[in-house]
Amino acid sequence: MHLLLIEDDPALFTTLQRSLVRAQMRVDVCSDGAQALTHWNTLQPDVVVLDLSLPGVDGLDVLKHARRSGLRTPVLILTARGTVGDKVLGLNAGADDYLPKPFDLDELEARIRALHRRNADNPTPQSSDLLVGELRLDRNSGAIYHRYEVLDLTPRELGLMTALMLRPGHAVSKERLFEVVFPGQVDVQFEAIEVVVYRLRKKLTAMRVSLVTLRGLGYLLKAD
């Protein structure tokens, strides 16, 4: 397993690196938030352990930039900021796990291995997949994922979402969406498409993606 440890405390990252190397992990260390994304992109690790209090760029900003740039590596936040609010901020920014300091080394190792196993069961998106924020359309299966979980969508919701994700950054007209969602159903009123949009918006609320109405043009799916 290849691990990237982003931590600015020399004593702590030395201890962690030695411990995790003994646990049969390859560990690279970065101690500067401004350089963290470069290391992340270059090394392509299996798991990232990220401290929030970093020089240069705050760890939370590093994580947000990584997710926006398409890096889907599992991330465990390791920090002294242990309040519920801090945990919520970290998880909403795209973290997969959160371990406050002080911590037990055995627990840290176990959590890292759990993230690695989970990622092995849910491989990194293929180049043919389409991404909008934290949503991913698997073109092979037709499924839409939020991070590593398949979205629970009705056939009509899935049809509408697929049509929008196939046109990233572009509005799709209501007429086109109606043809996709209600193919050949002449007895369905045109306004029915708005009901599907309404239900989707409720499901997307916590996913940092918005379904935007563009008057006269249709609908657009964009990352918040």
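Structure's up top.
Cut-offs applied
- Residues numbered from 1 in each chain as written.
- Predicted model: local features only at pLDDT ≥ 70, side-chain atom pairs only at ≥ 80, totals over all residues.
- Heavy atoms only, no water.
- Helix = DSSP H or I, 4+ residues; strand = E, 2+ residues; numbered from the N terminus.
- Buried < 20%, exposed > 50% of the residue type's maximum accessible area, 1.4 Å probe, protein only.
- Contact = heavy atoms within 4.5 Å.
- Core = buried A, V, L, I, M, F, W, Y, C linked by side-chain atoms within 4.5 Å.
- Pairing = 2+ DSSP bridges.
- Axes fitted to C-alpha atoms, helices over the stretch in contact; angles between N-to-C directions.
- Right-handed = clockwise from strand over helix to strand, strands pointing away.
- Salt bridge = Lys/Arg side-chain N within 4 Å of Asp/Glu carboxyl O.

### Digging into the overall build of the protein
Right, on to step 1. Helix and strand content of the protein: 8 helices and 11 strands.
Right, on to step 2. Seen along its three principal axes, the alpha-carbon backbone of the protein occupies a region of about 70 × 30 × 30 Å.
Right, on to step 3. Every one of the 224 residues in the protein was classed for burial, and the buried ones make up 42%.
Right, on to step 4. For the protein, the share of sequence-separated contacts (at least 6 apart) that also reach a separation of at least 24 residues comes to 56%.

### Some words on the nonpolar core
Right, on to step 1. If you look at the biggest cluster of nonpolar residues, it comprises 28 residues, and the most contacted ones within it are Leu-160, Met-161, Leu-211 and Leu-221.
Right, on to step 2. Secondary structure elements with two or more residues in this core: β6 (130–132), β7 (135–137), α6 (155–165), α7 (174–181), α8 (192–204), β10 (209–214) and β11 (218–223).
Right, on to step 3. Looking at which element gives the most residues to this core, the answer is α8, with 6 residues.
Right, on to step 4. Once you skip the residues sitting within four places of it in the chain, Leu-221 turns out to touch Val-132, Met-161, Leu-164, Met-165, Leu-204, Val-209, Ser-210 and Leu-211.

### So, the sheet that holds β6
Right, on to step 1. Here we have 4 strands laid out as an open sheet, ordered β6-β7-β8-β9, and antiparallel in their pairing. Of all strands in the sheet, those with a lone pairing partner are β6 and β9 (149–150), marking the two edges.
Right, on to step 2. The pairing of strand β8 (residues 144–146) with β9 spans 2 bridges and is antiparallel. Each bridged residue has a counterpart across the sheet, and for His-146 the counterpart in β9 is Glu-149.
Right, on to step 3. The strands touched by α6 are β6, β7 and β8; relative to β7, the strand with the most contacts, the crossing angle is about 90°.

### Here's the deal with the pairing of strand β4 (residues 75–79)
Right, on to step 1. By the criterion of burial, β4 is predominantly enclosed, with 5 of the 5 residues buried.
Right, on to step 2. Side chains Val-75, Ile-77 and Thr-79 of β4 all project onto a buried face; the interleaved residues Leu-76 and Leu-78 project onto the opposite face, where all are buried too.
Right, on to step 3. Alignment of strand β3 (residues 47–50) against β4, held across 3 bridges, turns out to be parallel. Bridging across to β4, Leu-50 finds its partner in Ile-77.
Right, on to step 4. Crossover β3 to β4 through helix α3 (residues 59–68) is right-handed.
Right, on to step 5. The pairing of β4 with strand β5 (residues 97–100) spans 4 bridges and is classified as parallel. Counted as the bridge partner of Thr-79 is Pro-100 from β5.

### Brief notes about the pairing of β10
Right, on to step 1. The pairing of β10 with β11 spans 6 bridges and is classified as antiparallel. Paired with Val-209 across the strands is Ala-223, a residue of β11.
Right, on to step 2. In sequence, β10 turns back onto β11 through a hairpin of 3 residues, with Gly-216 there showing a positive phi of about 85°.

### Some remarks on the sheet that holds strand β2 (residues 26–30)
Right, on to step 1. Overall, parallel pairing links the 5 strands, which are arranged β2-β1-β3-β4-β5 in an open sheet. Either end of the sheet is taken by a strand with one partner, and the two such strands are β2 and β5. Strand-to-strand twist across the sheet, computed as the mean angle between neighbouring axes with direction ignored, equals 20°.
Right, on to step 2. Each of β1 (2–6), β2 and β4 is contacted by helix α1 (residues 10–22), which is oriented at about 165° to β2, the strand it contacts most.
Right, on to step 3. Helix-sheet contacts for helix α2 (residues 33–43) involve β1, β2, β3 and β4, and the interaxial angle to β1 is about 175°.

### Some details on the environment of Glu-107
Right, on to step 1. Residue placement: Glu-107 occurs in helix α5 (residues 105–121).
Right, on to step 2. For the pair Glu-107 and Arg-67, spaced 40 residues apart in sequence, the C-alpha to C-alpha distance is 26 Å.

### What about the pattern of salt bridges?
Right, on to step 1. All told, the structure shown has 10 salt bridges when counted by the stated rule.
Right, on to step 2. As a salt-bridge pair, Glu-194 and Lys-174 come within 2.7 Å of each other at their nearest N and O atoms. Here Glu-194, found in helix α8, pairs with Lys-174, found in helix α7; they are 20 residues apart in sequence, far enough to count as distant.
Right, on to step 3. Glu-194 sits in the partly exposed class, given a relative accessible area of 38%.
Right, on to step 4. Between Arg-176 and Glu-179 there is a salt bridge whose closest N-O contact spans 3.5 Å. On the criterion of helical spacing, the pair formed by Arg-176 and Glu-179 is a turn pair, its members being 3 residues apart in helix α7.

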